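# Coordinate inspection notes
What follows is the residue order along each chain.
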Amino acid sequence: MGRSRYKITEPQHPYFVTLTVLHWIPVFTRPDTVNILLDSLRFLSKDGLKIYAWVVLENHCHFVLQSNQLDKDIARFKSFTARKLIEYLQVKKVKTILQQLAFYKKAHKNDRAYQFWQEGVHPELIQGDVMMRQKIEYIHQNPVKRGYVDEASHWRYSSARDYSGTAGLLEVCQLW
């Protein structure tokens, strides 16, 4: 999982994770960019990744995830989505964002022209039902607190719909 000092020590339990675009650059403002994330999550879920809750905002995303190899799954997710998103930005000629991804790239990342994700994930072990409810509530309320929607279930790119009884965009495991 890169250079993070945080470790996944109990893969049989869910973890709260946050992924942030380098320098908080707003990339997830188009359905195409969000769909790259969602398609990758769908692929990984077929390979054993459990998704309990999620939200994608313009420059970061939060998840509650579990898998027997969560550190590897997160690394695969970050690597694949970074590559696909940079390809997308190049094809669409989004020069300003590409210039920012090059400018803010860490110096030790000398094997690439761009860096998409900030380093690290900071996985937080979910320790019981109370903490699980708190993290899911935090995830779902994120767009509300930012003033994007009045109700969490109105945010398209979130599992809040699933928890309110409406089918969302990703299959979510609600049994924990």
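This one's a predicted model, so the numbers in the text were calculated from it and none came from an experiment.

## Overview of helix α3 (residues 95-103)
Burial in α3 covers these residues: Ile-97, Leu-98 and Leu-101. In a view along the axis of α3, the buried residues occupy a sector of 100°, so they form one face of it. Those residues of α3 that are exposed and angled more than 90 degrees off the buried face are Lys-95, Thr-96, Gln-99 and Phe-103. Lining the buried residues of α3 we find α2 (70-91).

## As for the state of the cysteines
Taken as a whole and judged by the stated rule, the model has zero disulfides. The closest cysteine sulfur to the non-disulfide-bonded Cys-61 is located on Cys-173, 19 Å from its own sulfur. On the basis of relative accessible area, Cys-61 is assigned to the buried category, the value being 0%.

## Comments concerning the packing of helix α1 (residues 31-46) against α2
The interhelical angle for the contact between α1 and α2, taken along N-to-C directions, is 150°, at an axis separation of 10 Å. Looking at the two axes, α1 sits roughly antiparallel to α2. Crossing of α1 over α2 shows right-handed handedness. Across the interface between the two elements, Asp-32, Thr-33, Ile-36, Leu-37, Ser-40, Leu-41, Phe-43 and Leu-44 of α1 pack against Asp-73, Arg-76, Phe-77, Phe-80, Thr-81, Lys-84, Leu-85 and Tyr-88 of α2. Of the residues in the contact of α1 with α2, the class split is nine nonpolar, three polar and four charged.

## A word on the side chain of Ser-67
Mapped onto the elements of the fold, Ser-67 is located in the loop between β3 (60-66) and α2. On the accessibility criterion, Ser-67 (4% relative accessible area) is buried. Separated by 3.1 Å, the side chain of Ser-67 and the backbone nitrogen of Gln-69 make a polar contact. At 2.6 Å, the side chain of Ser-67 forms a polar contact with the side chain of Asp-73. Those residues in contact with Ser-67 that sit more than four places away from it in its chain are Pro-11, Gly-48, Leu-49 and Asp-73.

About the cut-offs
- Residues numbered from 1 in each chain as written.
- Predicted model: local features only at pLDDT ≥ 70, side-chain atom pairs only at ≥ 80, totals over all residues.
- Heavy atoms only, no water.
- Buried < 20%, exposed > 50% of the residue type's maximum accessible area, 1.4 Å probe, protein only.
- Helix = DSSP H or I, 4+ residues; strand = E, 2+ residues; numbered from the N terminus.
- Arc of directions from axis to C-beta.
- Contact = heavy atoms within 4.5 Å.
- Disulfide = S-S within 2.5 Å.
- Axes fitted to C-alpha atoms, helices over the stretch in contact; angles between N-to-C directions.
- Parallel < 35°, antiparallel > 145°, perpendicular 65-115°, else oblique.
- Left-handed = near helix turned anticlockwise from the far one by under 90°.
- Nonpolar A, V, L, I, M, F, W, Y, C, P; charged D, E, K, R; others polar.
- Polar contact = N/O pair within 3.5 Å; in protein donor to acceptor, adjacent residues only side chain to side chain.

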